[in-house]
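# Working through the structure, step by step
Given next are the chains, with one letter for each unit.
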Amino acid sequence: MLKIAAAILSGAILASCSTTDTGPVVRLKDGEQAVPADYKSWPKFLMNVQRGDAKQVRDIYINPVGARTQKGQTFPNGTIMVMENYAAKPGTDGKLAKGELLRVFVMGKGAGWGDSAPEGLKNGDWIYSGYMADGKTRSPEPFTACRSCHLPLAKADFVFRVDEYFATRDGGTYRGPAAGGY
């Protein structure tokens, strides 16, 4: 009798959760996406992005789900991008060189993830998280800054430098203007 009651109770609990064929649906909010431990093994989105205005050099990785996206498509749910921000120091070739790692930012996309965004700052289903250099301590920066900066990029699925990414990924040379951001 106890086993039957437990089975009924667990069924009632599961029935109240949103699920898919693979398990419960998880809707993350800004600040809840952890830094994936294996992100350095992922495909590179862009490396050594020069941001003289921010006195930073940035490396950006994209997980295999996002890397399968073709030019002109939006990134699918499950896409995660990780951006390392390094302090810039003068380089020997006229470009900025990487100094100390400052922060690690994570941008993730999932069904309904952007629903909790502040009014007027929804970036599709993208969420943002930020961490200090250790990858564990949360960055004090507000995510409204991330959302505000990405907001004008709706036609590019709220992602900076997609043209540059696809051109260099597909073996071409990017000759367009720097898109700013990232």
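Keep in mind it's a predicted model, so treat the numbers as computed, not measured.

### Things to note about the overall build of the chain
A count of helices and strands for the chain gives four helices and seven strands. What you see in the chain, going N to C, is helices and strands ordered as α-β-β-β-β-α-β-β-β-α-α. Long-range pairs, those at least 24 residues apart, make up 53% of the contacts in the chain with a sequence separation of at least 6. When the accessible surface of the chain is split by element, carbon and sulfur atoms take 58% of a total near 10,500 Å².

### Things to note about the packing of aromatic side chains
Across all of its chains, the model carries five aromatic pairs by this definition. Ring plane angle 70° and centroid distance 6.3 Å describe the contact between F75 and W126, whose orientation is recorded as edge-to-face. Here F75 is found in the loop between α2 (64-67) and β5 (80-90), whereas its partner W126 is found in strand β7 (residues 126-132), with 51 residues between them in sequence. Taking 6.3 Å as the distance between ring centres and 15° as the angle between the ring planes, the aromatic pair formed by F75 and F166 counts as stacked. With F75 in the loop between α2 and β5 and F166 in helix α4 (residues 162-169), this pair connects stretches of sequence that are 91 residues apart. Its relative accessible area of 2% is what places F75 among the buried residues. Linked through ring pairs, F45, F75, W126, Y165 and F166 together constitute an aromatic cluster.

### Topic: the sheet that holds β7
In a beta sheet, neighbouring strands are held together by backbone hydrogen bonds and run either parallel or antiparallel to one another. The strand order β3-β4-β5-β6-β7 describes an open sheet built from five strands, whose pairing is antiparallel. The strands lining the two open edges of the sheet, one partner per strand, are β3 (44-51) and β7. Sheet twist, expressed as the mean angle between neighbouring strand axes with direction ignored, is 20°. Sitting on the sheet, helix α3 (residues 143-150) touches β6 (96-109) and β7, and the angle it makes with β7 is about 130°. Docked against the sheet, α4 engages β3 and β4 (56-62), running at close to 125° with respect to β3.

### Some remarks on the nonpolar core
Ranked by size, the top nonpolar core spans 20 residues in total, and within it F45, I62, F75, M81, W126 and V159 carry the most contacts. Contributing elements (two or more residues each) for this core: β3, β4, β5, β6, β7, α3 and α4. Each residue touching W126, except ones within four places of it in the same chain, is listed here: F75, T79, M81, M107, G108, K109, G114, R147, D157, F158 and V159. Counting residues in hydrophobic clusters, the runner-up holds eight residues, among them Y61, V82, V104 and V106.

Thresholds, definitions, all that
- Residues numbered from 1 in each chain as written.
- Predicted model: local features only at pLDDT ≥ 70, side-chain atom pairs only at ≥ 80, totals over all residues.
- Heavy atoms only, no water.
- Helix = DSSP H or I, 4+ residues; strand = E, 2+ residues; numbered from the N terminus.
- Contact = heavy atoms within 4.5 Å.
- Areas by Shrake-Rupley, 256 points an atom, 1.4 Å probe, with all protein chains shown as cover.
- Phe/Tyr/Trp six-rings, centres within 6.5 Å; stacked < 30°, edge-to-face > 60°.
- Buried < 20%, exposed > 50% of the residue type's maximum accessible area, 1.4 Å probe, protein only.
- Pairing = 2+ DSSP bridges.
- Axes fitted to C-alpha atoms, helices over the stretch in contact; angles between N-to-C directions.
- Core = buried A, V, L, I, M, F, W, Y, C linked by side-chain atoms within 4.5 Å.

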